[in-house]
Amino acid sequence: TYVVTDDCIKCKYTDCVEVCPVDCFYEGENMLVINPSECIDCGVCEPECPAEAILPDTEDGLEKWLELNTKFSAEWPNITQSKEPPAEADEHKGEEGKFDKYFS
Ligand code: SF4
Ligand code: F3S
């Protein structure tokens, strides 16, 4: 599966949702997540994210993000159409440590 990571927080560009063939993105206040049991591993969303927030869970150290994507995709609403990113999105692009600072 692919997972959404720290870099999405406060950016939420939502380009990813437009290309997913199985509509498996879910939207929280500060970030999106992927439902790992719905993701078919096609990889088309990865290059679409301007924040480079989407990664395959085969990369090292992503267990926390796999857990988080699994948990919140069961709670948050599905999102299938892109929308305007938050006004401050570009300021938060590439910022370090966003999970600790902003995720609640
Ligand atoms: Fe959707 Fe493919 Fe991205 Fe999985 S890898 S979330 S199926 S676009
Ligand atoms: Fe987030 Fe990137 Fe999608 S910033 S909303 S994962 S395009």
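Model, not experiment: these values are computed from the prediction. (Residues numbered from 1 in each chain as written. Chains lettered and ligands numbered in written order. Predicted model: local features only at pLDDT ≥ 70, side-chain atom pairs only at ≥ 80, totals over all residues.)

**Q** Give me the overall build of the protein chain: which residues, what numbers.
**A** A count of helices and strands for the protein chain gives 4 helices and 4 strands. Computed over the C-alpha atoms, the radius of gyration of the protein chain is 12 Å, within 12% of the 13 Å expected from 2.2 N^0.38 for a compact globule of 104 residues. By residue count, 35% of the 104 residues in the protein chain fall in the buried class. Considering only contacts within the protein chain whose residues lie at least 6 apart along the sequence, 82% involve residues at least 24 apart. (Helix = DSSP H or I, 4+ residues; strand = E, 2+ residues; numbered from the N terminus. Rg over C-alpha atoms; globule rule 2.2 N^0.38 Å. Buried ≥ 20, exposed ≤ 12 C-beta atoms within 10 Å, placed from the backbone. Contact = placed C-beta atoms within 7 Å.)

**Q** Quick rundown of the site of ligand 1? Include the residues and the values.
**A** Close contacts around ligand 1 come from 14 residues, with Tyr-2, Cys-20, Cys-39, Cys-42 and Cys-45 the closest. Split into classes, the residues belonging to the shell around ligand 1 amount to 12 nonpolar, 1 polar and 1 charged. (Near = placed C-beta within 6 Å. Nonpolar A, V, L, I, M, F, W, Y, C, P; charged D, E, K, R; others polar.)

**Q** Describe the site of ligand 2, and please don't skip the residues or the numbers.
**A** Taken together, 13 residues sit near ligand 2, with Cys-8, Tyr-13, Cys-16, Cys-49 and Ala-51 positioned nearest. Tallied by class, residues from the shell around ligand 2 come to 10 nonpolar, 1 polar and 2 charged.

**Q** Give me the confidence of the model for the protein chain: which residues, what numbers.
**A** Summary statistics for the protein chain give a mean pLDDT of 97 and a share of 99% for residues scoring 70 or more. Predicted as a complex, the structure gets a pTM of 0.97 and an ipTM equal to 0.98. (pLDDT = per-residue confidence, 0-100.)

**Q** I'd love a proper account of the environment of Val-22, names of residues and values included.
**A** Mapped onto the elements, Val-22 comes out in the loop between α1 (15-19) and β2 (25-27). A tally of 11 C-beta atoms within 10 Å means that Val-22 is categorised as exposed. Placed 27 residues apart in sequence, Val-22 and Cys-49 show a C-alpha to C-alpha distance of 17 Å. Filtering out sequence-adjacent residues up to four positions away, Val-22 remains in contact with Glu-38 and Ile-40.

**Q** Explain the nonpolar core to me, and be specific about the residues and the numbers.
**A** The nonpolar side chains of a soluble globular protein tend to be buried, and buried together. With 25 residues, the main nonpolar core has Val-4, Cys-8, Cys-16, Phe-25, Leu-32 and Ile-34 as its most contacted residues. When residues of this core are traced back to their parent elements, those giving at least two are β1 (2-4), α1, β2, β3 (32-34) and α2 (63-73). Setting aside anything within four residues of it in sequence, one finds Ile-34 in contact with Thr-1, Tyr-2, Val-3, Val-4, Cys-24, Phe-25, Cys-39, Asn-69 and Ser-73. (Core = buried A, V, L, I, M, F, W, Y, C linked by C-beta atoms within 7 Å.)

**Q** How would you summarise the environment of Tyr-26 if you had to cite specific residues and measurements?
**A** Within the secondary structure, Tyr-26 is located in strand β2. Between the alpha carbons of Tyr-26 and Lys-10 there is a distance of 15 Å; along the sequence they are 16 residues apart. When sequence neighbours within four positions are dropped, the list of residues in contact with Tyr-26 reads Leu-32, Val-33, Asn-35, Phe-72, Ser-73, Trp-76, Pro-77, Asn-78 and Ile-79.

**Q** Break down α2 for me, with residues and values.
**A** Every buried residue of α2 is listed here: Trp-65, Leu-68, Asn-69 and Ser-73. Viewed along the axis of α2, the buried residues span an arc of 110°, placing them on a single side of the element. Away from its buried face by more than 90 degrees, α2 exposes Glu-63, Lys-64, Glu-67 and Lys-71. Of the surrounding elements, those touching the buried residues of α2 are β1, β2 and β3. (Arc of directions from axis to C-beta.)

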